[in-house]
Amino acid sequence: MARKPTSTQAAAASQPVVEIIPSVAQGISAVASASAPFLYFERAPFLGHMDGVVKVALEVSRHVAVSPAGNEVLMDRVIVAHLIGSMEAMKSLRSALDKIIP
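Just so it is clear, the model here is predicted, and its values are computed rather than measured.

A. Spotlight on the overall build of the protein. Looking only at helices and strands, the protein has three helices and three strands in total. Taken from N to C terminus, the helices and strands of the protein fall in the order α-α-β-β-β-α. When burial is assessed residue by residue, the protein has 10% of its 102 residues classed as buried. Counting only contacts in the protein whose residues sit at least 6 apart along the sequence, the fraction spanning at least 24 positions is 31%. Accessible surface, the protein: about 9,100 Å² in total, of which carbon and sulfur atoms supply 61%.

B. Here's a closer look at the side chain of E59. Note on placement: E59 falls in strand β2 (residues 53-65). Side chain to side chain, E59 and R77 meet in a polar contact 3.1 Å long.

C. Up close: the nonpolar core. Of all hydrophobic cores here, the largest spans five residues; its members are V54, V56, L58, A81 and M90. In terms of residue count, the dominant contributor to this core is β2 (three residues). Ignoring anything within four residues of it in the chain, the contact list for A81 reads L39, V56, A57 and L58.

D. Up close: unusual backbone geometry. Residues other than glycine seldom take positive phi values, yet Q26 does so here, at roughly 70°. Tracing the chain through its elements places Q26 in the loop between α1 (7-14) and α2 (30-33).

E. Expanded view of the confidence of the model for the protein. Confidence along the protein averages 87 in pLDDT terms, with 89% of residues attaining 70 or more. α1 is the least confidently modelled element of the protein, averaging 69 in pLDDT, while helix α3 (residues 87-100) averages 97, the highest of any element.

F. Structural context of the sheet that holds strand β1 (residues 43-50). The strand order across the open sheet formed by three strands is β1-β2-β3, and the pairing between neighbours is antiparallel. The sheet is open, and its two borders are formed by β1 and β3 (73-86), each paired with just one other strand. Looking at each pair of strands side by side, their axes are set apart by 20° on average, direction ignored. Note that β2 and β3 share 13 bridges and pair antiparallel. Bridged to A65 within β3 is V73. The strands touched by α3 are β1, β2 and β3; relative to β3, the strand with the most contacts, the crossing angle is about 120°.

G. Expanded view of the pattern of salt bridges. Going through the model one piece at a time under the given rule, you end up with four salt bridges. Across the salt bridge formed by E59 and R43, the nearest N and O atoms sit 3.0 Å from each other. Placement of E59 in strand β2 and of R43 in strand β1 is noted, with a sequence separation of 16 residues between them. With its nearest N and O atoms 3.7 Å apart, the salt bridge here joins K91 to E88. A residue pair is termed a helical-turn pair when its members lie 3 or 4 positions apart in one helix, as K91 and E88 do in helix α3 at three residues.

The rules behind the values
Residues numbered from 1 in each chain as written. Predicted model: local features only at pLDDT ≥ 70, side-chain atom pairs only at ≥ 80, totals over all residues. Heavy atoms only, no water. Helix = DSSP H or I, 4+ residues; strand = E, 2+ residues; numbered from the N terminus. Buried < 20%, exposed > 50% of the residue type's maximum accessible area, 1.4 Å probe, protein only. Contact = heavy atoms within 4.5 Å. Areas by Shrake-Rupley, 256 points an atom, 1.4 Å probe, with all protein chains shown as cover. Polar contact = N/O pair within 3.5 Å; in protein donor to acceptor, adjacent residues only side chain to side chain. Core = buried A, V, L, I, M, F, W, Y, C linked by side-chain atoms within 4.5 Å. pLDDT = per-residue confidence, 0-100. Pairing = 2+ DSSP bridges. Axes fitted to C-alpha atoms, helices over the stretch in contact; angles between N-to-C directions. Salt bridge = Lys/Arg side-chain N within 4 Å of Asp/Glu carboxyl O.

In structure tokens, the structure reads:
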């Protein structure tokens, strides 16, 4: 005997589909890319490479109120991400950046 759908399932089944994004072979998946992080940084103070792997630290400054009244603010810097990739990946990134930076 088939189970009767719950009211939530019935309501969901009666609603029109609003998003179906198929993945295409050799393409970029929109669904899997939806949760990719956005990286904001102000500087890249440390970098290096070893055995074909490039590493770049990305930094941002932050301002912190240090008095209860908030009238004294100090600035410090924090690393927000470590960009790590192969030499070929970094060449691809450089090529992309060269296209948008005058």
